[in-house]
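Given next are the chains, with one letter for each unit.
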Amino acid sequence: KGLPLSVSRKVDKPEYFPAFWLAAKNKFFVQVLAPDEAAVAGEVHAERSEEASTLQISTLSVDMAFRDRDVKPGETYTRKMSYYAGPKEYRSLRSLGNHQDDVMEFGYSNSWFEWFRWLCKGLLLTLNGIHMVLPNYGIAIILLTVIVRVIFWPVTHKSTESMKKMQEIQPRVNELRAKYKDNAQKLNTEIMALYKANKVNPMAGCLPMLVQIPVFIALFVVLRSAVELRYAHFLWIGDLSEPEDIFPGLLPIAINILPLLMTATTVWQQKLTPSTADPQQQKLMMFMSVFMLFLFYSMPSALLLYWTVSQGLAIVQLLMQKR
């Protein structure tokens, strides 16, 4: 309330134009207008319904403006343009050419984020490739998770071994901290010498997370609006592109099982992972797991399925290393 029902914004800054195409889209569908002659300006219009209790946009439109043309008596001038209206399907948009697949928002070409663009494309093409062999997107997501885990298996294995060694020498580290508590420089030197003598890398425990975060973000980008997952069934899940909502209307809140499984596997993994953290830090990590439950509770089922299976495979790897 208090915000305008209709908003228009002109887009005529030099850095944005000439525009070879303009698009208006929602989560799964898009309209793309691509003239043969580039536009010199454009305008975006957004509207919301007066009856809407939220600020959700109900209508979105985009228009293009072209250079003026003088047409003399008896002359004709024709402007040609192509128009696409359909699903945000990568293969279809890519076939249109002129980078119209940027509508997918995987990251834009000719920028420092190009590597992320290719990561998103690779994950989506792999997912669709698996689906061509096994026509169920739930199974395809599970197999994609297995592939990602296998690729990162050596990194996570080495990290766990390093954390295990750090846990073993933690009493000696505590002794050094008590001995040199008034000499920070000497303490750091002695601790680094202890790490070197035991062939321990204190940063190795963070490496798997740093490597996997870009993959997780890329999967989030791909799975959040992949039209292929719309109405895709898997076990009790009726639509992998939406939260589960198993018994709609039974309770005031939606009933989703995957967020609970994700939280349970995350807590279990934390208990199995070797750690040198003090009790307060461990409580903080437990709080973060519960916080993730609320953060991810309404996320698409496809993303939660990936994360739950990934955590389950991590637990299997930790149990194997423990034995």
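Going by the structure above, here's the rest.
Here the structure is a predicted model, which is why all the values come from computation and not from measurement.

Draft legend 1. Molecular detail of the overall build of the protein chain. Of the regular secondary structure elements, the protein chain holds eight helices and six strands. Listing each helix as α and each strand as β along the protein chain from the N terminus yields β-β-β-β-β-β-α-α-α-α-α-α-α-α. Classification of the 323 residues of the protein chain by burial places 37% in the buried group. Sequence-distant contacts in the protein chain: of pairs separated by 6 or more residues, those separated by 24 or more amount to 64%. Within the structure as shown, the protein chain displays about 20,300 Å² of accessible surface, and the carbon and sulfur contribution to it stands at 61%.

Draft legend 2. Broad picture of the pattern of salt bridges. In this structure the tally under the stated criterion is four salt bridges. The shortest N-O distance in the salt bridge between Arg 69 and Glu 37 comes to 3.1 Å. In this pair, Arg 69 sits in the loop between β5 (59–65) and β6 (81–87) while Glu 37 sits in the loop between β3 (29–35) and β4 (41–47), placing the two residues 32 residues apart along the sequence. On the basis of relative accessible area, Glu 37 is assigned to the buried category, the value being 17%. Salt-bridge contacts for Glu 37 lead to Arg 79; the nearest nitrogen and oxygen are separated by 3.7 Å. Taken together, the residues Glu 37 in the loop between β3 and β4 and Arg 79 in the loop between β5 and β6 connect sequence positions 42 residues apart. Among the ionic contacts, a cluster of salt bridges with common partners joins Glu 37, Arg 69 and Arg 79.

Draft legend 3. The arrangement of the packing of aromatic side chains in detail. Per the stated rule, a full pass over the model turns up one aromatic pair. Ring centres of Tyr 306 and Trp 307 lie 6.4 Å apart, and the angle between their planes is 50 degrees; this geometry places the pair in the tilted category. Taking relative accessible area as the criterion, Trp 307 reaches 17% and is therefore assigned buried. In this arrangement the basic side chain of Arg 79 is found over the ring face of Phe 66, its NZ or CZ atom lying 4.2 Å from the centre.

Draft legend 4. Just a nonpolar patch on the surface, in detail. Together, Met 132, Val 133, Leu 134, Ile 139 and Leu 143 line one region of the surface with nonpolar side chains, adding up to about 480 Å² of accessible area. Counting residues per element, the ones that place at least two in the nonpolar patch are α2 (114–133) and α3 (137–179). If you trace the backbone, Met 132 turns up in helix α2. With relative accessibility at 68%, the residue Met 132 sits in the exposed group.

Quick notes on the rules
Residues numbered from 1 in each chain as written. Predicted model: local features only at pLDDT ≥ 70, side-chain atom pairs only at ≥ 80, totals over all residues. Heavy atoms only, no water. Helix = DSSP H or I, 4+ residues; strand = E, 2+ residues; numbered from the N terminus. Buried < 20%, exposed > 50% of the residue type's maximum accessible area, 1.4 Å probe, protein only. Contact = heavy atoms within 4.5 Å. Areas by Shrake-Rupley, 256 points an atom, 1.4 Å probe, with all protein chains shown as cover. Salt bridge = Lys/Arg side-chain N within 4 Å of Asp/Glu carboxyl O. Phe/Tyr/Trp six-rings, centres within 6.5 Å; stacked < 30°, edge-to-face > 60°. Lys NZ or Arg CZ within 6 Å of the ring centre and 35° of its normal. Patch = residues over 30% accessible without salt bridge, like charges linked within 9 Å, V, L, I, M, F, W, Y side chains within 5 Å.

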